[in-house]
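# Coordinate analysis (summary)
Spelled out, the chains give:
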Amino acid sequence: MSGEEVRAGVKLTNLDTPLFDGADATKRDLIDYLEAVGDRLVRQLRDRPLSVSRIRPGQQPFMQKNLPKYTPEWVHRVTMWADSSKREVTYALCDDVRTLLWFGNQRAVEYHTTLLLAEYAKGPTHLVLDLDPPPGRPFGQVVLAAELIRQTLETDGLAGAVKTSGAKGLHVFVPLEQGIPIEDVAAATRAIAARAERIDPVLATTAYIVEDRDGKVFLDSTRAGGATVVAAFSPRVRPGATVSFPLDWADIGDITPRDFTVHTAPKILGDRDPWTANMPAPQALPADLVEEGHTIPIARVQAMHEGKRRARARRAT
């Protein structure tokens, strides 16, 4: 039957259907892409609790954490407590290309992992800054903000790798030595964002509340603890079916996120794995960075209290 194939032992169906509105791609294009980058993407997913963003024809995307009952027995999995939903969740561990293609056949477009391995006692493997541009502003602003982060890291003897988010921004990943407590990694992330903001407060902001950002690039320090982040090489549910693409620091000013799609990325990559090649060795966190971070309020908590305060003020007027 047209639109059906078997690859890596996985029966694939409806391959010639559109992937989603605005994708300019079919489900076959998604599968072809996942197969082309399979080993490199699996390298980022392996041993990490996985959440995927799926999209069924004519429906809105939805995030799937808990594995469905029809999941094949050969898909590796781990059951963990999820604080957000206050229940146990059985996450997939995408440890091989076969599992990746099975997810692709389920129309899983985006692949988001925790910064913790399934063996979470080892602590976060990376510290992450998510740089989010203001609406309607050029990508060049995000590039300048990324350089602020890079400068801040270098001042403390740290180094990171950079990739497009696959949407409009950039992600900076700093690999960490094993065993650093989650709270210290989260604190250091806040401190890096705050220090970068102090370098150029006209360009960048750590304001969590959107209306407080005043057209600046948001330095999001909340990708810590059990939070997830889209993996390098993952496609996105975005116009053109863009992908999160690893970059050399020297090249970030010469690209736009839409340069990298399920159609173009395999040709640009060739046989390379720039994410692995560009990732520094795991690093310890400087004590002064952690200490400063513990004095900075957690952004979501601070925003929640501020939102309540503003709501009370509006009711009082």
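Reference entry: report on the structure contained in this document.

So, how was this worked out
- Residues numbered from 1 in each chain as written.
- Predicted model: local features only at pLDDT ≥ 70, side-chain atom pairs only at ≥ 80, totals over all residues.
- Heavy atoms only, no water.
- Helix = DSSP H or I, 4+ residues; strand = E, 2+ residues; numbered from the N terminus.
- Rg over C-alpha atoms; globule rule 2.2 N^0.38 Å.
- Buried < 20%, exposed > 50% of the residue type's maximum accessible area, 1.4 Å probe, protein only.
- Contact = heavy atoms within 4.5 Å.
- Areas by Shrake-Rupley, 256 points an atom, 1.4 Å probe, with all protein chains shown as cover.
- Lys, Arg positive; Asp, Glu negative; His and termini not counted.
- Charge placed at Lys NZ, Arg CZ, Asp CG, Glu CD.
- Polar contact = N/O pair within 3.5 Å; in protein donor to acceptor, adjacent residues only side chain to side chain.
- Pairing = 2+ DSSP bridges.
- Axes fitted to C-alpha atoms, helices over the stretch in contact; angles between N-to-C directions.
- Parallel < 35°, antiparallel > 145°, perpendicular 65-115°, else oblique.

### Details of the overall build of the chain
- Within the chain, the regular secondary structure consists of nine helices and 14 strands.
- Compactness check: the chain gives a C-alpha radius of gyration of 20 Å against a globular reference of 20 Å for 317 residues, within 12% of the reference.
- Out of the 317 residues belonging to the chain, those deemed buried represent 53%.
- By sequence separation, contacts in the chain at least 24 residues apart represent 70% of the contacts at least 6 residues apart.
- Summing over all exposed atoms, the chain offers an accessible surface of approximately 14,800 Å²; the carbon and sulfur share of this is 52%.
- With 40 positive and 41 negative side-chain charges, the chain shows a spacing of 7 Å between the two charge centroids.

### A few points about the environment of Glu 5
- Mapped onto the elements of the fold, Glu 5 is located in strand β1 (residues 5–7).
- Spatially, the C-alpha atoms of Glu 5 and Pro 133 are 41 Å apart, while their sequence positions differ by 128 residues.
- Glu 5 has contacts with Val 10, Lys 11, Leu 12, Leu 15 and Arg 28, leaving out every residue within four places of it along the chain.
- Among the polar contacts listed, one links the side chain of Glu 5 to the side chain of Arg 7, at a separation of 2.9 Å.

### Thoughts on the side chain of Gln 44
- With respect to the element layout, Gln 44 can be found in helix α2 (residues 38–45).
- Apart from residues lying up to four places away in sequence, Gln 44 is in contact with Thr 113, Ala 231, Ala 232, Phe 233, Trp 275 and Thr 276.

### Describing the sheet that holds strand β8 (residues 126–132)
- Taken in spatial order, the six strands make up an open sheet running β11-β12-β8-β10-β9-β14, and their pairing is mixed. Edge positions in the sheet fall to β11 (204–205) and β14 (246–247), since each of these pairs with one other strand and no more.
- Strands β8, β10 (170–175), β11 and β12 (217–220) of the sheet are contacted by helix α4 (residues 139–155), whose axis makes an angle of about 15 degrees with β10.
- Strands in contact with helix α5 (residues 182–199) are β8, β11 and β12; relative to β8, the strand with the most contacts, it is inclined by about 40 degrees.

### Focus: unusual backbone geometry
- The phi dihedral of Arg 107 falls on the positive side, at around 60 degrees, and the residue is not glycine.
- On the secondary structure map, Arg 107 appears in the loop between α3 (97–105) and β7 (108–114).
- The buried category is assigned to Arg 107, whose relative accessible area is 7%.
- One non-glycine residue, Asp 214, lies in positive phi territory at about 55 degrees.
- In this fold, Asp 214 is placed in the loop between β11 and β12.

### Focus on the packing of helix α1 (residues 27–36) against α2
- The geometry of α1 relative to α2 is characterised by a closest axis approach of 5 Å and an angle of 75 degrees between their N-to-C directions. Between α1 and α2, the crossing angle belongs to the class labelled roughly perpendicular. Along the contact surface, α1 presents Leu 34, Glu 35 and Ala 36, while α2 presents Gly 38, Arg 40 and Leu 41.

### Observations regarding the pairing of β7
- Within β7, seven of the seven residues are buried, leaving the element largely enclosed by the surrounding structure.
- Examined bridge by bridge, strand β3 (residues 50–54) and β7 share five bridges and lie antiparallel to one another. The partner of Arg 54 across the bridge, within β7, is Ala 108.

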